Amino acid sequence: MTRFKATPFSTLIAAAVLAGCAAVQHPNNIEPTETGQGYQAQYRDVVTRQEDTFLTSATMNASSCLPLRGGAGGKGIGAPILLGERFSRNDLLDVRIADDEDLTGKYVISRDGTLKLPFLKSVPAQGRSSTEVEQSLRWALTNSGLYDTPPSISVRVADFASVSVGVSGAVFEPHQIEIGGVQGEAIDNNRAQALGASTEARNLSAAIRAAGGVRPDADLSAIELRRKGKLYKLDLRGVFEGRDMVDVMLLTGDTIFVPSRQCFQDDLMRPSPISPPGVTMFLSNLTQPATGNAPSAIGREVREMPYGTKYLQAVVDANCVGGPRATSAHRSALLMSRNPETKVSVVIERDIEDMLRRADRDDYDPFLLPGDAVACYDSTVTNIAEAARVLGLITVGAALN
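Residues numbered from 1 in each chain as written. Predicted model: local features only at pLDDT ≥ 70, side-chain atom pairs only at ≥ 80, totals over all residues. Heavy atoms only, no water.

Draft legend 1. Looking closely at the overall build of the chain. If you tally the helices and strands in the chain, you get 11 helices and 16 strands. The burial tally for the chain puts 45% of its 401 residues in the buried class. Put simply, of all contacts in the chain between residues at least 6 apart along the chain, 70% involve residues at least 24 apart. Taken as a whole, the chain presents about 21000 Å² of accessible surface, with 54% of it coming from carbon and sulfur. (Helix = DSSP H or I, 4+ residues; strand = E, 2+ residues; numbered from the N terminus. Buried < 20%, exposed > 50% of the residue type's maximum accessible area, 1.4 Å probe, protein only. Contact = heavy atoms within 4.5 Å. Areas by Shrake-Rupley, 256 points an atom, 1.4 Å probe, with all protein chains shown as cover.)

Draft legend 2. Up close: the sheet that holds strand β2 (residues 105-108). Ordered by their spatial adjacency, three strands build an open sheet running β2-β1-β5, and the pairing between neighbours is antiparallel. Each edge of the sheet is formed by a strand with only one pairing partner; in this case those strands are β2 and β5 (153-159). This sheet shows a mean twist of 30° between the axes of neighbouring strands, independent of strand direction. Running at roughly 130° to β5, helix α3 (residues 130-143) makes contact with β1 (92-97) and β5 of the sheet. (Pairing = 2+ DSSP bridges. Axes fitted to C-alpha atoms, helices over the stretch in contact; angles between N-to-C directions.)

Draft legend 3. View of the pattern of salt bridges. This model, assessed by the stated rule, comprises 13 salt bridges. In this structure, glutamate 132 and arginine 86 form a salt bridge, with 3.3 Å as the shortest nitrogen-oxygen distance. Taken together, the residues span a long stretch of sequence, with glutamate 132 in helix α3 and arginine 86 in the loop between α2 (57-62) and β1 at a distance of 46 residues. For arginine 86, a relative accessible area of 10% puts it in the buried group. A salt bridge links arginine 237 to aspartate 235, with the shortest nitrogen-to-oxygen separation between them at 2.8 Å. By the burial criterion, arginine 237 is buried, and aspartate 235 matches it. (Salt bridge = Lys/Arg side-chain N within 4 Å of Asp/Glu carboxyl O.)

Draft legend 4. Seen up close, the environment of isoleucine 97. With respect to the element layout, isoleucine 97 can be found in strand β1. Remark: the alpha-carbon pair of isoleucine 97 and isoleucine 153, spanning 56 residues in sequence, is separated by 4.7 Å. Beyond its immediate sequence surroundings of up to four residues, isoleucine 97 is in contact with Leu103, Thr104, Leu117, Leu141, Tyr147, Pro151, Ser152 and Ile153.

Draft legend 5. Quick peek at the pairing of β5. With five of seven residues buried, β5 lies mostly within the body of the structure. Note: β1 against β5, six bridges, orientation antiparallel. In the strand pairing of β5, leucine 92 is matched with aspartate 159.

Draft legend 6. Highlighting the side chain of threonine 309. For threonine 309, the location among the structural elements is in the loop between β13 (304-305) and α8 (311-317). The buried category is assigned to threonine 309, whose relative accessible area is 7%. Not counting the four nearest positions on each side in its chain, threonine 309 is found in contact with Ala314, Phe367 and Leu368.

Draft legend 7. The sheet that holds strand β9 (residues 230-234), seen in detail. Taking strand neighbours across the sheet as the criterion, the five strands line up as β7-β6-β10-β8-β9 in an open arrangement whose pairing is mixed. Two strands lie at the open edges of the sheet, namely β7 (175-179) and β9, each paired on one side alone. Across the sheet, the axes of successive neighbouring strands diverge by a mean angle of 25°, strand direction being ignored. Sheet topology note: the strand β8 (residues 223-227)/β9 ladder contains five bridges and is antiparallel. Bridge pairing in β9 links arginine 226 to leucine 231.

Draft legend 8. Expanded view of the nonpolar core. With 29 residues, the main nonpolar core has Leu220, Leu250 and Ile256 as its most contacted residues. Looking at this core, the elements with two or more residues in it are β6 (163-169), β7, α5 (204-210), β8, β9 and β10 (255-258). No other element matches the four residues that α5 contributes to this core. Excluding anything up to four places from it in sequence, leucine 250 contacts Val163, Val165, Ile179, Arg202, Asn203, Leu204, Ala207, Leu225, Arg227 and Ile256. In this structure, Tyr39, Tyr43, Tyr307 and Tyr311 belong to the second largest nonpolar core, which totals 28 residues. (Core = buried A, V, L, I, M, F, W, Y, C linked by side-chain atoms within 4.5 Å.)

Encoded structure:
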């Protein structure tokens, strides 16, 4: 009986391994990224060096922008009634009535938005200033017959509670959020004794950050705030232009809507009080020089990058650039992203060495968005060497049989 030979099988395996070194198909996308009509014009295909143009991606992105809803003046449309400190339900107030130890004390604004003192009708407090609540309390005290003449009254915040608001539109994570207050519903005793607490945690900018930050297509000229059935429009462009920003204090029940200009705005891709706190990346490293991400020093600091980071920066952070030129050149990388407006994913492939040496690289170097992923591929020499290693293992295995 003739013994079975493994050589033909190993030959087939070797052919399959070598076939893996051949060029693979360019990624296909539903979005017309090839012509610069994707979410970013920087996604478009890289043209030949003879046809290159410089710094045109921002112009291409702006060509599809809708007009600013707030106009080009930059003066804002804010309403004065939104400015200043306003009370919200569950706030802790320090109420002092002159020479009245019985009614003087600390009170929490009830769920219905009113302030309830003994022997008095409820006083509206939700959305009102300290001056307005003081006036209502004077009227309530004299109208109840407890006082013949209006007494001196002081109403101050001892501790701000958290507020629940809704944020939607051109933000990365639209949802109902809770901001402000102290973790665990505890009271900051030091602030309470000082009759005050910081309001920044309940401001509009804090709510937008908690919703993931504004997207690059956001229209900051007319952000909508709805309160008690009324619509107010606020201009937040000042945060990117070095001007004073209208950062109003929010109340429970407020809703915020950030409109979209339906275009990518390069100038919004930078850190700010209303931008995403950073970009968390998903990175896949090379097999050479390391066998995994951990040996390549891809830790938390690399995966979490500042907002405004670009593709090439992430590729460098992932240790996909450098090393021996003879064996490490001609690597490639894939950027996997998702259009936050349409939710359609795109895959962008770049030859790393070509990008590094192009003078027009900025026009094809996309910004990274939260949740993006970057995968690196080894060079041709490394691929052939890896194929040879696998082939050697197969040959040894066949010989042993």
